[in-house]
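# Survey of secondary and tertiary structure
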Amino acid sequence: MRTDPYRLTVNGRPVEVIDGHAGESLLFVLRERLGLPGSKNACEEGECGSCSVLLDGDLVCSCLVLAAAAADRDVATVEGLSDAGGEVGPLAYVQRAFVEAGAVQCGFCTPGLLMAVDALLCEEPDPDDLTVREAISGNLCRCTGYGRILEAVDRAAAMRREACS
Amino acid sequence: MSEVRATQTRGRTRPSGIGESVRRPDAIPKVTGAFAFSSDLRHDRMLWGGTLRSPHPSARISSIDVGPAVAVTGVHAVLTHSDVPGRATFGLEHLDQSVLAGDVVRYAGEPVAIVAADHPDTVRRALDAIQVEYEVTEPLVDPSRAETATPIHPDGNLIRRIHLRHGDPSAADREGLVTVEGTYEVGMQDQAFLGPESGLAVPAADGGVDLFIATQWLHVDRDQVADCLGMDPDLVRLTLAGVGGAFGAREDLSLHVHLCMLALYTGRPVKMVYSRHESFHGHVHRHPARMWYRHHAEPDGTLVRVEARLLLDGGAYASSSGAVIANATCFAAGPYRVPSADVDGVVVRTNNPPCGAMRGFGAVQTCMAHEAQMDRLATALDMDPIDLRLKNALAPGDRLLTGQVLTGTLPVAEVIRTCAEHPSAAVRSDEPMTRPGGAGRTADADHVVRGEALAVGFKNLMFSEGFDDSSAARCELRDGVVTITCACAEVGQGFVTLIGQITSEVLGVDEVVLAPVETTGIGSAGSTSASRQSWMSGGAVQKACEEVRAAVVARVAVTHDVPVDDLVLVEGRVESLSGSVSVDLAEATAEPLSADVVYRHAPTSPLDHDGQGDAHVSFAVSAHRAIVDVDPDLGLVRVVELTTSQDVGRVLNPVQAVGQLEGGAAQGVGLAVMEEVLVDGGRIRNASFTDYLVPTALDMPPVEIAALIEQPEPGAPFGAKGIGEPPCISSTAAVVGALRHATGLELARVPVRPADIALAEAQAGVDR
Amino acid sequence: MTIALTLDDACAALAADPTATVLAGGTDLMVQVNRGDHSIGNVVAIDRVPELRGWTREGDVLRIGAGMTYADMADPGFGALAPALGQAARTVGSPQIRATGTIGGNLATASPAGDMLPVLVALDAVVELRSSDGERHLPLDEFVVGVKANALSAGELIVAVRVPVLHGPQEFMKVGPRNAMVISVASLALVVDPFGRTVRVGLGSVAPVPLRATEAEVMIGGRIDWEGGRPPTAGDVDRFGQLVADAARPIDDHRGTAAYRRHVVGVMARRALVRAFGMVGEEAA
């Protein structure tokens, strides 16, 4: 069953989805119809966080969002982190911190974690260890054991604070 | 997108030398989302593939009717066993597994048919429409019955037995020894990489096929795929697509042949992506193990003899079971001097899910058992468990259970001592969220008890038993630009960073181009497994760079009439020590230079009838100390801190090394307290991340690194040992040891389930 | 696909096609869709209906909109009125799930492991249902009728759930083998109504539907010193734990055994009671 065309705003740009199938998740539409495969497909049951995006500013699993039901909403993906237009510009603080801290190994969890950490730091610029751990507890990483990721969150928070002061 | 996105390993890296925390060249594309994992690939006119799997662990297929599936609009191909163009079977050690099941299925999840269609929904409907009639037969699910049961496969139910006999068999036949005995069990662990199996096959104009795939070993995949397609290997070209973790689960074929069959049949590119549920059925797992042990020691703690019976469940197909049982057997007693041993290691075939490679590869299972035995022995001797381990610690010059004399470095005592002596940073937090049970708010402070234990792990590096283990690399220097070609699969471990570091170290350049990782134009790099790539492909890259370096120097020596010995390569120039010559490397290599090398480690021998022989190249040892909090009434656990020391030879990249140690420890924690593929009657009951639980950031404690012991390994490039596996070997044993310490319970099985603690505690309460 | 912007829209769309799938947070439904277990036909999305969001207090009744997310329930103002619901909401899934999953969805899914359900059953919650034909109210135990089965009629929508504002302590506890993001193996809610002089206990994941531990409630209600405020004795606490464990009707499944579930609800009951009242007297046997 096909859906009627619907619009989304992705990383600040309006897009139209034509000829979608009824059950397609936002994750599928981003990856397979809109050419934005940065959000990842690790479990497609909301248990790993790899597909995390911001939907109208809320951190959600895009695999659990029915794409057509998100019509006219704002979606922010990893591709838009470094600048609002979605072009690869200078890295955002969280991205830089992940690179510098060695928080990236295979990288499959990375986009979702970046979105989660970015959302956290927007809300809480100076989080303590437990707050960080709880905020990323929905993002599984199988390579790092989280050590370098926690280090990256500290670095990103410090960079942001420095930039703001 | 009209073409396959470039694989990320093609690109430049700005490295610096060995021993520095150089950043990964692929980190930036990975943080921007631009890095193309195998599931991210797209192609014009692309179709989607899917797999129909057997719901039964044991059945005869009486008929398959693909007609209703073919009739579904949008379906382009429905293929079965009879459509396999070449050899019908594959396998790493034995060709015992069918590409698509013919008349028999031997595990629940075995592929039976494949489909290509215009959309994943269409694929799903087509798979549902295929009519397969099964005559269900009684599955063989108990590995202890396998050897006597009717064979479930023409190759028989015994995959491999190694009966290792070492030293004087009567060593323990005397009075006055202290003997401890125990039976242990390890559950089936899943690698649970995050990037599910996926790939894209594109039919080529020359009749061949290009396969973009996430794998650990391109060339062995290529050879198997070509055989199954009945095609010249040159016509089957594999390119590494971005790999979302591996940990052993990508050493066997999964969807490779299926994708190529569908692409060749339809004449169109085909993409396939496993769901998480399918992934649990689509790759091998860590072998479940049942292990009986008896240790004999002098009253002063000196080990006299170790006896063990190891039974590993290989599941339906052999995969790499033969090598896994060899490791389990050879390292059954841990890194200790054991003058006499009898270890009967057996791996059998059952109708359970197939098992094969996973990080630690046989040593994880036995470590959990031998370390429990060492603690038990310490208790029986009334001796400090650290002292007992130190007293028996292996050292260079000692013999292994296999009779092999340790000739390389093996700082067992140093590893134990530094780990044990490292001060703990663990504090008791008042925050309820940090207690066992976490978010569930079940424990108050007075419900929690703390325990601590140390464990030591021991394993070989690289392939053993006479395997001709090699890696090929090419270094090309043109106009001052170095290009490295090597088919080593980057699976997240960071070899892409090491290539740059090695090249920079040898050639004095700060920029290296990494050629695409593919089967065309370069030989095999071997598998990214067995902690072998830093040594093997690192060695190949080093040697290729050294040959090119020698050629450049020779050329400049001739053109500038200076002795070869007077020339060095620094910062992109060839300079003489005397200062008379300084040539831009670009100028010196306007006429390109290149070197192709195949690197091999020292040869090894097969094990003989008694499991004796110089079967291994090199070894590594690690220790973990775990501190755990337990809520005994509920059986809930929180690992509070891990401290580790590891024998690394030499640290090549400190940040990457820490990443391996932390990540490996997390997998060890998972096996200790939560991770198990639950198999009931041959069927997996928890094939999802909802029910197969891996540690979250709230489960994983800080990992304190007490020491990275740097004793350069003779023969190893830069003296460096592989470091990937040890962190997940001793961590499990340490955590379960700490749980025993906290609870006083036997806890002879991992993962330790809450009920194992809570109901045992409740029973003990009644008994008291 | 209807994206309802008002409650009337939603009811009208459901009246037009009573077989349509209602989509709220999507955290349960989409799992099934992605697995291929649920084929999406006509959908009525209700996540933008303002009448379903938020909560209101009318006297001592708290009316919780069905579209209230678990994250919304972390609001301290809400937590002060229904502490156990706030605690339970924090244990649901991950931050991502809590941002979208709703209390109405938890009710509609009616899973034995639904984290809100033991709290709602302990609170004697009433579910407000609406259709184009009108409105009806069902007590929770009439709404959840079996494993993933509810009393919704075709074309009917969960609009809100009403719970009393009690003025006593409340506790929610949940056992799972991971410290976060875990499905409950067993859970327990204990709420105290000091004016009604009752202690009420709801149990999750130990029966096809959320259970009350009635016998335990009656026993402990009679033993509490409501006037003087003297805590229950260790013997009372133990007896209470035993009766709560006896009330469970658990099964063995891949997440835990019946024996373990029965055991842990007893432990949780004792702990919850002690957290609520403290304890005096001899050591527990």
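Residues numbered from 1 in each chain as written. Chains lettered and ligands numbered in written order. Predicted model: local features only at pLDDT ≥ 70, side-chain atom pairs only at ≥ 80, totals over all residues. Heavy atoms only, no water.

## Here's the deal with the domain arrangement of chain B
All names here are of chain B. Each assigned domain of chain B is listed with its residue range as follows: domain 1 (47-138 + 196-243 + 250-282), domain 2 (289-464 + 608-767) and domain 3 (470-600). With 20 residues of domain 1 at the interface, the matching set in domain 2 holds 26 residues. Surface buried jointly by domain 1 and domain 2 totals about 1800 Å² across both partners, of which 58% is contributed by carbon and sulfur atoms. If you sort the residues of domain 1 by the area they bury against domain 2, Glu93, Asp96 and Phe280 come out on top, with a joint share of 32%. Between the two partners, domain 1 and domain 2, sit one salt bridge. When the shortest N-O distance is used, the salt bridge between Asp96 and Arg349 registers 3.0 Å. Taken together, the connections running from domain 1 to domain 2 amount to 10 residue pairs in polar contact (both at pLDDT 80 or more). When residues in the side of domain 1 that touches domain 2 are grouped by element, the largest group, four residues, is from helix H6 (residues 276-282). Residues that form the side of domain 1 that touches domain 2 fall into these classes: seven nonpolar, six polar and seven charged. (Domains from an automatic or database assignment. Contact = heavy atoms within 4.5 Å. Buried area = accessible area lost by both parts, 1.4 Å probe. Salt bridge = Lys/Arg side-chain N within 4 Å of Asp/Glu carboxyl O. Polar contact = N/O pair within 3.5 Å; in protein donor to acceptor, adjacent residues only side chain to side chain. Helix = DSSP H or I, 4+ residues; strand = E, 2+ residues; numbered from the N terminus. Nonpolar A, V, L, I, M, F, W, Y, C, P; charged D, E, K, R; others polar.)

## Side note on the interface of chain C and chain B
Taken together, the contact pairs 32 residues of chain C with 37 residues of chain B. Buried area between chain C and chain B, both sides added, is near 2700 Å², and the carbon and sulfur share of it is 53%. Three residues, C:Arg178, C:Asn179 and C:Arg271, lead the burial of chain C against chain B; their summed loss comes to 29% of the area buried on that side. For the salt bridge of C:Arg271 with B:Asp633, the shortest nitrogen-to-oxygen distance reads 3.6 Å. On the surface where chain C and chain B come into contact, there are 21 residue pairs in polar contact (both at pLDDT 80 or more). The set of elements that each furnish at least two residues to the side of chain C that touches chain B consists of helix H2 (29-35), helix H4 (83-90), strand S11 (170-175) and helix H11 (258-277) of chain C.

## Here we look at the packing of aromatic side chains
Taken as a whole and assessed by the stated rule, the structure comprises 15 aromatic pairs over all chains. A centroid spacing of 5.1 Å and a plane angle of 90 degrees characterise the contact between B:Phe331 and B:Phe458, whose relative ring orientation is edge-to-face. With B:Phe331 in the loop between helix H7 (321-330) and strand S18 (340-348) and B:Phe458 in strand S19 (residues 449-461), this pair connects stretches of sequence that are 127 residues apart. An aromatic cluster of at least three residues, connected via ring pairs, comprises A:Phe108, B:Phe35 and B:Phe37. Above the plane of the ring of B:Tyr274 lies B:Arg53, whose end atom (NZ or CZ) is 4.9 Å from the centre. Its end group placed over the ring of B:Phe193, B:Arg250 keeps NZ or CZ at 3.8 Å from the ring centre. (Phe/Tyr/Trp six-rings, centres within 6.5 Å; stacked < 30°, edge-to-face > 60°. Lys NZ or Arg CZ within 6 Å of the ring centre and 35° of its normal.)

## Examining the pairing of strand S12 (residues 186-193) of chain C
Residues and elements named next belong to chain C. The buried count for S12 comes to eight of eight residues, which makes it a mostly enclosed element. Neither face of S12 is exposed, since Ala186, Leu188, Leu190 and Val192 on one face and Ser187, Ala189, Val191 and Asp193 on the opposite face are all buried. Note that S11 and S12 share six bridges and pair antiparallel. Paired with Glu171 across the bridge in S12 is Leu190. Hairpin remark: S12 followed by strand S13 (residues 198-204), antiparallel, with four residues in the connecting loop; positive phi at Arg197, about 55 degrees. (Buried < 20%, exposed > 50% of the residue type's maximum accessible area, 1.4 Å probe, protein only. Pairing = 2+ DSSP bridges.)

## Considering the domain arrangement of chain C
Residue and element names in this part refer to chain C. Partitioning chain C into structural domains gives domain 1 (2-164) and domain 2 (170-277). A separation of 25 Å is found between the C-alpha centroids of domain 1 and domain 2. With 25 residues of domain 1 in contact, the opposing surface of domain 2 contributes 23 residues. Taken together, both faces of the contact between domain 1 and domain 2 bury some 1800 Å²; the carbon and sulfur share is 62%. On the domain 1 side of the contact with domain 2, Pro112, Pro118 and Ala122 bury the most area, a combined 26% of that side's loss. Connecting domain 1 to domain 2 are three salt bridges. A salt bridge links Lys174 to Asp115, with the nearest nitrogen and oxygen atoms 2.9 Å apart. When residues of the side of domain 1 that touches domain 2 are traced back to their parent elements, those giving at least two are H4, helix H7 (117-122) and strand S8 (144-146). Broken down by element, the side of domain 1 that touches domain 2 gets its largest block of residues, five residues, from H7.

## Focus on the environment of B:Thr73
Take B:Thr73: it is sitting in the loop between helix H2 (67-70) and strand S4 (75-80). Assessed through its relative accessible area of 71%, B:Thr73 is described here as exposed.

## Quick look at the confidence of the model for chain C
For chain C, per-residue confidence averages 95 on the pLDDT scale, and residues scoring 70 or more make up 98% of the total. The complex model carries a pTM of 0.97, and its ipTM stands at 0.97. (pLDDT = per-residue confidence, 0-100.)

## Details of the pattern of salt bridges
Think of it this way: side chains of opposite charge can pair up when their charged atoms draw near. The full count for this structure, using the stated rule, is 79 salt bridges over all chains. The salt bridge partner of A:Glu134 is C:Arg98, with a shortest N-O separation of 3.8 Å. Placement of the pair is A:Glu134 in helix H4 (residues 129-135) and C:Arg98 in helix H5 (residues 95-100), with the two residues belonging to separate chains. Residues A:Glu134 and C:Arg98 agree in their burial class; the two are buried. Salt-bridge contacts for B:Asp680 lead to B:Arg685; the nearest nitrogen and oxygen are separated by 3.6 Å. Overall, the relative accessible area of 40% leaves B:Arg685 in the partly exposed class. Among the charged side chains, a salt-bridge network with shared partners connects C:Asp124, C:Asp193, C:Arg200, C:Arg212 and C:Glu217.

## With respect to the nonpolar core
Counting residues in each nonpolar core, the largest one holds 157 residues, and the members touching the most others are A:Phe98, B:Tyr293, B:Leu642, B:Val735 and B:Leu739. Top contributing element to this core by residue count: helix H8 (residues 363-381) of chain B, with 10 residues. Grouped together as the second largest cluster of nonpolar side chains are 92 residues, B:Leu259, B:Cys488, B:Val506 and B:Val553 included. (Core = buried A, V, L, I, M, F, W, Y, C linked by side-chain atoms within 4.5 Å.)

## Here's the deal with the side chain of B:Asp313
Residues and elements named next belong to chain B. Within the element layout of this structure, Asp313 appears in strand S17 (residues 303-313). Buried and without a salt bridge, Asp313 has Arg290 as its closest oppositely charged side chain, separated by 6.8 Å. A distance of 2.7 Å separates the side chain of Asp313 from the side chain of Asn352, its partner in a polar contact. Each residue touching Asp313, except ones within four places of it in the same chain, is listed here: Val141, Pro143, His287, Pro288, Val347, Val348, Thr350, Asn352 and Cys355. (Lys, Arg positive; Asp, Glu negative; His and termini not counted.)

## Considerations on the interface of chain B and chain A
Facing 62 residues of chain B, the contacting portion of chain A comprises 50 residues. For the pair chain B and chain A, the summed buried surface comes to about 4300 Å²; carbon and sulfur atoms form 61% of the total. Taken together, the connections running from chain B to chain A amount to six salt bridges. Elements with a minimum of two residues in the side of chain B that touches chain A: helix H1 (27-32), helix H3 (120-129), strand S15 (270-273) and helix H14 (654-673) of chain B. Broken down by element, the residue count for the side of chain B that touches chain A peaks at eight residues, all from H14(B). Classifying every residue of the side of chain B that touches chain A by side-chain character gives 31 nonpolar, 18 polar and 13 charged.

## Structural notes on the state of the cysteines
All names here are of chain A. This model, assessed by the stated rule, comprises zero disulfides over all chains. Free of any disulfide, Cys143 has its nearest neighbouring cysteine sulfur in Cys106, separated by 3.8 Å. Residue classification places Cys143 among the buried residues on the basis of a relative accessible area of 6%. (Disulfide = S-S within 2.5 Å.)

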